[in-house]
Amino acid sequence: MTADQLTLGIQQFAPRLRAPAENLARIVDAAAGVDLLLTPELSLTGYDVGDAAHHLALPLETGAPFPLADARTDSAIVLGMIERGPDGTPYNTCTLVRQGRVLHRHRKIYLPTYGMFDEARFFGSSDVLDPFELDGWRIGMLVCEDFWHPGLVYVLAAAGIDLLLVQAAGPGRGVWEAADDAMPFASMESWTRIARTTALLYGIYVALANRTGVEGAVTFGGGSIIVAPDGSVLAEAGSSDARLEAVLRRADLLAARRPGSHVRDEDPHIVRRALDRLARG
């Protein structure tokens, strides 16, 4: 990885439920040959952990060794895991690890409680949204439902990110009339549209890793994608296990931002004042 170029991989797979050591070994193997590997939401534990969230939670501290020793790899890996907060609260956390050390983390902010989801029952929510630097690349992280709240993406874009990493455990819903084995679920088209629109609006790379497989009555949809800053698709997966890879280039970031200067001209103070007025009623 250099400030000018980054090789990004996505490992789309079905984590084994409540088996962090086994899932981590699979992730570390998949990281070979890329600078940065993105994995789905809760890729260490599986999604439907229920009350086992407390037992599967691991303490985290930025700059400290990752609690599982097998996380040592020269590639940077983005894990989906359960973090144990200082007071014992479990968090659904997106965690960046390299050479066995924690470089950054993002705790999921929006915990869905509609339909099949009941995350607020098991996890604490966060109100912190910070980008970070990795070898000259400014990066933001979001987890699943976070991506459906445009204000979070706006904050990260206004902070000058080059790359947005999104972890997801999105179920497959609806079937295309002309469904095929590559992408049978109509619901995954929504994720693709949001990813492409986000990349185009802000002139950033967007990478979304969604999981596959079945847990209980839920079938997860896959459909992971890497999008260029002009909105074009660099790589995408179907509904089965897959590994995606793309080379991200700073020159392409700059080229995409030349026709328009939306982020450069953005004034977050205008938005803040409007939101303050709205909050005051």
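So, how was this worked out
- Residues numbered from 1 in each chain as written.
- Predicted model: local features only at pLDDT ≥ 70, side-chain atom pairs only at ≥ 80, totals over all residues.
- Heavy atoms only, no water.
- Buried < 20%, exposed > 50% of the residue type's maximum accessible area, 1.4 Å probe, protein only.
- Helix = DSSP H or I, 4+ residues; strand = E, 2+ residues; numbered from the N terminus.
- Contact = heavy atoms within 4.5 Å.
- Phe/Tyr/Trp six-rings, centres within 6.5 Å; stacked < 30°, edge-to-face > 60°.
- Salt bridge = Lys/Arg side-chain N within 4 Å of Asp/Glu carboxyl O.

Colleague: Pulling in residues and values, what's your account of helix H3 (residues 150-158)?
Modeller: The periodicity of an α-helix, 3.6 residues per turn, causes residues three or four places apart in sequence to face the same way. For H3, every residue scored as buried is listed here: Leu152, Val153, Tyr154, Leu156 and Ala157. Contact partners of the buried residues in H3: strand E7 (137-143), strand E8 (163-168), helix H4 (188-202), helix H6 (262-265) and helix H7 (268-280). Of the residues one or two after H3, Gly160 is the one with positive phi, at around 90 degrees.

Colleague: Describe the packing of aromatic side chains, and please don't skip the residues or the numbers.
Modeller: Counting across every chain of the model gives six aromatic pairs. Centroid distance Tyr114 to Phe117: 5.4 Å. Interplanar angle 75 degrees. Geometry classified as edge-to-face. Tyr114 gets classed as partly exposed once you look at its relative accessible area, which sits at 44%. Aromatic pair Phe147 and Trp191: ring centres 6.4 Å apart, planes at 20 degrees, arrangement stacked. Taken as a pair, Phe147 in the loop between E7 and H3 and Trp191 in helix H4 lie far apart in primary sequence, 44 residues in all.

Colleague: Please provide a residue-by-residue account of the pattern of salt bridges, values included.
Modeller: Pairing of side chains with opposite charge becomes possible as their charged atoms draw close. The full count for this structure, using the stated rule, is 14 salt bridges. When the shortest N-O distance is used, the salt bridge between Lys108 and Glu41 registers 2.9 Å. One end of the pair, Lys108, is in the loop between strand E5 (101-107) and strand E6 (132-134); the other, Glu41, is in the loop between strand E2 (36-38) and helix H2 (53-56), and 67 residues separate them in sequence. No difference in accessibility class separates Lys108 from Glu41, as the two residues are buried.

The values reported here are purely geometric and, on their own, carry no functional implication.
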